[in-house]
Amino acid sequence: MSAVQDLFAQGSHAFADEDYEEALNFYSKALEINSTHAEVFLKRSATYQKLGKDQEAYNDALKALALIKEKPSADVTVEAKAQLRKGVAAFHIQDYATAKVALEECQRLSPEQRTLASWIRKNEQELAKLPPAVAPTTLAPVSAAVETPVSSPVVSDSPASTPVPAPLTPATHRVRHEWYQNDTYVTISVFIKNAKKENVDIIFTDNALSVSVKMPTGSDYSLELDPLSHKVIPGESKYEVLSTKIEIQLKKELYALKWGALEGDDTNAGSMATVAGGVTPAYPTSSKKAKNWDALEKEAAKEEEKADGDKALNQLFAQIYKDADDNTKRAMMKSFTESNGTCLSTNWDEVGKGTVETRPPEGMIAKKYNS
């Protein structure tokens, strides 16, 4: 594996772990070594998007497209992915005319691209909000952005004439989301308070999730998980808008498959541990480094064994008492009662001589109870 491939792989692992700063670092190092890899530019563009750096995301999408056009491939899906990435990035910098051209080009090349339909619909909704005089009547000038050289990308044709809509809220900056799972569902909680159901738009596909929310503050929140690390069943997935959060349930296509990541490649997938009559869940986390819940479960089991050990000891004493002669039983009862449970003796010759004193464990003090 070359240095670029190794850095790309490390970046992809960091991206899957939602450590976007680390992913950005790996992708940037890869491009320092070789700046002709369109796929690395596309992944770095997606990473910039996650970090809320929309202009940088757009610029990287343009660079990827320029590289792809220099060496056209028979596989048009490569260019289609780049056009989709450009369209999404243009949408986030509110250049909806450019986004429209890119998304339509993606549709022409490869209409089955994941989340394409939802992005076209979102973009059309934003274009519809523009006054008729501002909405683009021709798309020819914008298409020049597709051919723009890497060194001087065109962001927008007429930014001054376009009214500024509600700002997008970078997901990683202002809104927290966590996820957990059981055998059947992956549950994602997006912590937005007082969101209205009519302002929440969620689209499920078999391997992607698109979340758009008009927040109470007036800004727009967007969460795009594309691709999900594993396939889901869109028709059986659902969501609920609550007062403190939006809860999304993705129905797993493969029952009891334990997801090691929410998005991207998942090299840590395994089987969910189950118990009789129920499901043992993987607990929610937004941490960049996952906790080892299996190890914690083993610790809990050890604590339970300790409790079982005390029970076994009591059973042993009960067995001794049951099989003992009368003097031994008298010694056990007298020593345990008079010492307030701190001493247990089977020697009647010693216990019968007098009162058995209370002997608390070292470091503790015996106190009389006043009724």
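Keep in mind that this is a model prediction, so the values were computed, not measured. (Residues numbered from 1 in each chain as written. Predicted model: local features only at pLDDT ≥ 70, side-chain atom pairs only at ≥ 80, totals over all residues. Heavy atoms only, no water.)

## Here we look at the overall build of the protein chain
Heads up, the rule is: Here a strand is any run of E in DSSP of at least two residues, a helix any run of H or I of at least four, and the numbering for each starts at the N terminus. For each residue, the accessible area found with a 1.4 Å probe, counting protein chains only, is set against the maximum for its type, and the residue is called buried under 20%, exposed over 50%, and partly exposed in between. The contact criterion used is simple: two residues touch if any of their non-hydrogen atoms lie within 4.5 Å. Only the protein chains shown count as cover for residues, and all accessible areas are computed by the Shrake-Rupley method using a 1.4 Å probe.
Assigned secondary structure in the protein chain consists of twelve helices and 13 strands. The proportion of buried residues among the 371 residues of the protein chain is 40%. Nonlocal contacts in the protein chain, meaning residues at least 24 apart in sequence, comprise 57% of its contacts between residues at least 6 apart. In the structure as shown, the protein chain presents an accessible area of about 21000 Å², 52% of it carried by carbon and sulfur atoms.

## Brief notes about the packing of aromatic side chains
The following threshold applies: Here a Phe, Tyr or Trp ring, Trp counted by its six-membered ring, pairs with any other such ring whose centre lies within 6.5 Å, and the pair is stacked when the planes are under 30 degrees apart, edge-to-face when over 60, and tilted otherwise. We count a charge as sitting over a ring when the NZ of a lysine or the CZ of an arginine lies within 6 Å of the ring centre and within 35 degrees of the ring normal.
This structure, assessed with the given rule, holds four aromatic pairs. Plain terms: the ring middles of Phe15 and Tyr20 are 5.2 Å apart, the flat faces sit at 70° to each other, and that makes the pair edge-to-face. Like Phe15, the residue Tyr20 is buried in the burial classification. The ring of Trp348 carries Arg330 above its face, with NZ or CZ at 4.1 Å from the centroid.

## A look at unusual backbone geometry
Of note, the phi angle at Glu18 is positive, near 65°, even though the residue is not glycine. In this fold, Glu18 is placed in the loop between α1 (3-16) and α2 (20-33). Unusually for a residue other than glycine, Asn194 sits at a positive phi of about 60°. Along the chain, Asn194 turns up in the loop between β3 (185-190) and β4 (200-205). Judged by its relative accessible area of 56%, Asn194 is exposed.

## Some thoughts on the side chain of Asp95
Put simply, the test is: Charged residues are defined narrowly, with Lys and Arg counted positive, Asp and Glu counted negative, and His plus the chain ends left uncounted. Throughout this description, the term salt bridge denotes a Lys or Arg side-chain nitrogen within 4 Å of a carboxyl oxygen of Asp or Glu. Under the rule applied, a polar contact is a pair of N or O atoms within 3.5 Å (in protein, one hydrogen donor and one hydrogen acceptor; residues adjacent in sequence only if both atoms are side-chain atoms).
Counting through the fold element by element, Asp95 comes out in the loop between α5 (76-92) and α6 (96-109). The buried charged residue Asp95 lacks any salt bridge, with Lys86 as its nearest oppositely charged partner at 8.2 Å. Polar contacts involving the side chain of Asp95 include one to the side chain of Thr98, which spans 2.8 Å.

## A few points about the pairing of β3
Let me state the cut-off plainly: Here, any two strands with at least 2 DSSP bridges between them count as paired.
Taking burial as the measure, the six residues of β3 include six buried ones, the bulk of the element. Neither face of β3 is left uncovered, since the one carrying Tyr185, Thr187 and Ser189 and the one carrying Val186, Ile188 and Val190 both have all their residues buried. Of the strand pairs in this sheet, strand β2 (residues 177-181) and β3 are connected by five bridges, and their pairing is antiparallel. The residue bridging Trp179 from the neighbouring strand is Ile188, located in β3. Hairpin connection between β2 and β3: a loop of three residues separates the two successive antiparallel strands. The sheet contact formed by β3 and strand β8 (residues 246-251) spans six bridges and is antiparallel. Bridging from a neighbouring strand, Tyr185 pairs with Lys251 of β8.

## Some points on the pairing of strand β5 (residues 208-214)
Counting buried positions over the seven residues of β5 gives six, a clear majority of the element. Looking at chain direction, β4 and β5 are connected through six bridges and run antiparallel. Opposite Asp201, over in β5, you have Ser212 as the bridge partner. In this antiparallel pair of consecutive strands, β4 and β5, the connection spans two residues. In this structure, β5 lies alongside strand β6 (residues 220-225), joined through six bridges in antiparallel fashion. Bridging across to β6, Val211 finds its partner in Leu223. Taken together, β5 and the strand that follows it, β6, pair antiparallel across an intervening segment of five residues, in which Gly218 is found at a positive phi of about 100°.

## Focus: the confidence of the model for the protein chain
What counts, and what does not: pLDDT is a residue-level measure of predictor confidence that goes from 0 to 100.
Looking at the protein chain as a whole, the pLDDT averages 79, with 75% of positions reaching at least 70. Taking the mean pLDDT of every element in the protein chain, the minimum, 42, falls on helix α8 (residues 140-143) and the maximum, 95, on β8. Predicted confidence for residues 137-163 stays below pLDDT 50, and this span has 37 contacts to residues more than four positions away or in other chains. Segment residues 274-279: pLDDT under 50, and five contacts once partners within four positions in sequence are set aside and those in other chains are kept.

## Some details on the pattern of salt bridges
Summed over all chains, the structure comprises 15 salt bridges. Lys100 is the salt-bridge partner of Glu104, the closest N and O atoms lying 2.9 Å from each other. Of this pair, Glu104 and Lys100 both sit in helix α6, four residues apart, roughly one helical turn. Take Glu104: its relative accessible area is 33%, and that puts it in the partly exposed class. For Lys100, a relative accessible area of 18% puts it in the buried group. A salt bridge links Arg121 to Asp201; the shortest N-O distance between them is 2.7 Å. Taken together, the residues Arg121 in helix α7 (residues 116-129) and Asp201 in strand β4 connect sequence positions 80 residues apart. On the basis of relative accessibility, which here comes to 29%, the residue Arg121 falls in the partly exposed class. Ionic contacts of the salt-bridge type, sharing partners, join the residues Lys100, Glu104 and Glu124 into one network.

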